[in-house]
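Remarks on the overall topology
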Amino acid sequence: SVASFATRSADSRITDSAAASTAFATGRKVNNGVISMALPGTGAALQTVLEYFKSKGKRTGLITTSFLTDATPAAFAAHEISRLNRDPIASDYLTTSRPDLLLGGGGEGLTAARAAAAGYQVVSNRLQLASLSSSTPGPICGIFGTQALPYEYDGLGDFPHLTEMLASALKILEDAPAGFFLMVEGGLIDRASHLNDLERCLPEVVE
């Protein structure tokens, strides 16, 4: 089957990541900057596809090369009037939607200490991530650094590549009895494009 829909925001012909991701996550148009809330409208929280599948017993996860509270992952697991409300977005993740797996850059409201305090098993580098499997007690939070991950062009050091995060996620989630939902974002393609930095953009696209 095939589905088609528009991701233009409700208040502009030029959308931003918050409104576009909300359209993907909820099927509803919202104003630029809004994270999965009915704005325009009542301001009510809009159920996301991640939340829907979690309610059906599926395991859920978010992966990004940006920081984990950035707009695209946030729209799948948070409800905020502004994409800049990063502390509350992190709180939405850790106390309300509670994805079984979070992998990406840290900081911007989400720290290893905060995730651990909320009951997440935290890993912080490529080797720790690779050691995880479907038998690892969850939920799991991979926080790699204190901001978005480095560009592929600049080298990632001890941090995992996007393909490695995805491979580990599939290994962790593959035995989920009811199946799983996983959102995966190459978030630095957008950032390099904003800067007109072709050298850094293309390796992100390839990865």
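Here the residue index of a chain counts from 1 through its sequence in written order. Given that this is a predicted model, residues contribute local features only at a pLDDT of at least 70 and side-chain atom pairs are listed and counted only at 80 or more, while totals for whole chains, interfaces and linings are drawn from all residues. The side-chain quantities take in all heavy atoms of the structure and omit both hydrogens and water.

Each residue is assigned to one of three classes by its accessible area relative to the maximum for its type, calculated with a 1.4 Å probe on protein chains only: buried under 20%, partly exposed between the two thresholds, exposed over 50%. Working definition: helices are DSSP H or I runs of at least four residues, strands are E runs of at least two. Numbering for both runs from the N terminus. Summarising burial for strand β2 (residues 101–105): 5 of the 5 residues are buried, a large majority. Relative to β2, strand β1 (residues 59–67) runs parallel, the two being bridged by 4 bridges. Bridged to Leu-62 within β2 is Leu-102. DSSP-based pairing: two strands are paired if at least 2 bridges between them are found. By the bridge criterion, 4 bridges tie β2 to strand β4 (residues 140–143) in an arrangement that is parallel.

Both cavities and pockets are sets of points on a 1 Å grid over the protein atoms alone; in a cavity a 1.4 Å probe fits but cannot get out, in a pocket the set is open with protein on both sides within 12 Å along at least five of seven lines, and lining residues sit with an atom within 4 Å of a point. Grid points are joined across faces, edges and corners, and a volume is the space filled by probe spheres set on the points. Counted as a void, the largest pocket has a volume near 230 Å³. Around the largest pocket sit 14 residues that line it, and Ser-17, Asp-70, Arg-83, Asp-190 and His-194 are the ones nearest its centre. Of all the elements, helix α8 (residues 188–194) adds the most residues to the lining of the largest pocket, at 3 residues. Looking at the lining of the largest pocket residue by residue, the class counts come to 2 nonpolar, 6 polar and 6 charged. Ten residues, namely Ala, Val, Leu, Ile, Met, Phe, Trp, Tyr, Cys and Pro, are considered nonpolar, four, namely Asp, Glu, Lys and Arg, are considered charged, and the remaining ones, Gly among them, are considered polar.

On to empty space enclosed by the protein. Applying the stated rule across the entire model yields 1 cavity of 30 Å³ or more. Lining the largest cavity, in full, are Thr-65, Leu-149, Pro-150, Glu-152, Leu-156, Pro-160, His-161, Leu-162, Met-165, Leu-188 and Glu-204. Of the residues contributing to the lining of the largest cavity, the split by class is 7 nonpolar, 2 polar and 2 charged.

So, about the nonpolar core. Note on terminology: a nonpolar core comprises buried Ala, Val, Leu, Ile, Met, Phe, Trp, Tyr and Cys residues joined through side-chain atoms within 4.5 Å. Ranked by size, the top nonpolar core spans 23 residues in total, and within it Leu-62, Phe-76, Tyr-93, Leu-102, Leu-110 and Cys-141 carry the most contacts. Going through the elements one at a time, α1 (17–26), α3 (71–77), α4 (86–97), β4 and β5 (180–185) are the ones with two or more residues in this core. Beyond its immediate sequence surroundings of up to four residues, Phe-76 is in contact with Ser-21, Phe-24, Ala-25, Thr-48, Val-49, Leu-50, Glu-51, Leu-62, Phe-181 and Met-183. Core analysis: the second largest hydrophobic core is formed by 16 residues, Leu-101, Leu-103, Leu-129 and Ile-172 among them. Only heavy atoms enter the contact rule, under which two residues are in contact if any of them lie within 4.5 Å.

For this document, the term salt bridge refers to a Lys or Arg side-chain nitrogen within 4 Å of an Asp or Glu carboxyl oxygen. One pass over the structure, following the stated rule, counts 8 salt bridges. Note that Arg-200 and Asp-154 form a salt bridge whose closest N and O atoms lie 2.9 Å from each other. Residue Arg-200 is located in helix α9 (residues 198–206), and its partner Asp-154 is located in the loop between β4 and α7 (162–173); the two are separated by 46 residues in the primary sequence. By relative accessible area, which is 44% here, Asp-154 ends up partly exposed. In the salt-bridge network here, residues are joined through shared partners; they are Asp-16, Asp-70 and Arg-83.

So, to be careful, I would describe these as geometric facts and stop short of saying anything about function.
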